[in-house]
Amino acid sequence: FIFPFTAIVRLFAFLLLSLAAWYLGYFVAAHVPQSTVSIAALQQIGKKPVLRAPAPKRQKCDHWSPCPPGNFAYRILSGGGKERRAKICFEDEQLKNDAKKLVEELGSKEIKNIQFRSSWVFIAAKGFQLPNNIQREKINHSDQTKNRYKGWPAEIQIEGCIPRNLM
């Protein structure tokens, strides 16, 4: 039985390519460290990479972005219901409850209007004047038709940055 010349060339080429593929596989297996080849690593080859944003850096008083240099950070939350407690933060310190008279001396106009379950926030300064563009006080009275938290009004807040050079 006689093969045509092209069939012999094809058979020789097939055998040569098979031998080259086997040798290349052997060469790669011999030079790749065993610690980097694992089933888990092989399973990850076809998967798309997952991009994760880094965890946000915590800012003073839990602001989303830091105050500009030379400013104080503050945040005042009225709270809402039993689960959302009131918070007063100035430069990452929690302030203690003071008497209504001291708050009134600092300039609160709403301290005497607080009713049962009212939400109220207030910021003031002693020894220097706050800028005019800062919201200083906010009140939200309890109203059974509008309350958000089972008989409690919605939480209110004021926040911002106070320039340090005012002192």
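As a convention, each chain's residues are numbered from 1 in the sequence order in which they are written. At least 70 in pLDDT is required for a residue's local features to be given in this predicted model, at least 80 for side-chain atom pairs to be given and counted, and no such filter applies to totals for whole chains, interfaces and linings, which use all residues. To obtain the side-chain values, all non-hydrogen atoms of the structure were included, while hydrogens and water were left out.

The name an unreviewed UniProt entry gives the chain is FAM3 metabolism regulating signaling molecule B, with Zosterops lateralis melanops as the organism. UniProt positions are given in the numbering used here, feature names are shortened, and annotations may be inferred rather than shown by experiment. Here the chain is described in UniProt, under the heading Sequence similarities (unreviewed entry), as follows: "Belongs to the FAM3 family."

Turning next to the state of the cysteines. Pairs of cysteine sulfur atoms within 2.5 Å are identified as disulfides in what follows. Counted according to the given criterion, the structure contains two disulfides. A sulfur-sulfur separation of 2.1 Å characterises the disulfide bridge that pairs Cys 61 with Cys 89. Between Cys 61 and Cys 89 the disulfide shows an S-S torsion of about -80 degrees. By sign, it is left-handed. Taken as a pair, Cys 61 in the loop between helix H2 (39-43) and strand S1 (71-77) and Cys 89 in strand S2 (residues 87-90) lie far apart in primary sequence, 28 residues in all. A sulfur-sulfur distance of 2.2 Å marks the disulfide that ties Cys 67 to Cys 161. Put simply, DSSP H or I for four residues or longer makes a helix, DSSP E for two residues or longer makes a strand, and each gets a number counted from the N terminus.

The next thing to look at is the pattern of salt bridges. Salt bridges are counted wherever a side-chain nitrogen of Lys or Arg sits within 4 Å of a carboxyl oxygen of Asp or Glu. Applying the stated criterion across every chain yields a total of five salt bridges. Taking the shortest distance from any N to any O, the salt bridge between Asp 92 and Arg 58 comes out at 3.0 Å. Taken together, the residues Asp 92 in the loop between S2 and strand S3 (93-94) and Arg 58 in the loop between H2 and S1 connect sequence positions 34 residues apart. One salt bridge in this structure joins Arg 75 and Glu 159, with 3.3 Å as the shortest N-O distance. With Arg 75 in strand S1 and Glu 159 in strand S6 (residues 157-163), this pair connects stretches of sequence that are 84 residues apart. Taken together, the salt bridges that share partners define one network made up of Arg 58, Asp 62 and Asp 92.

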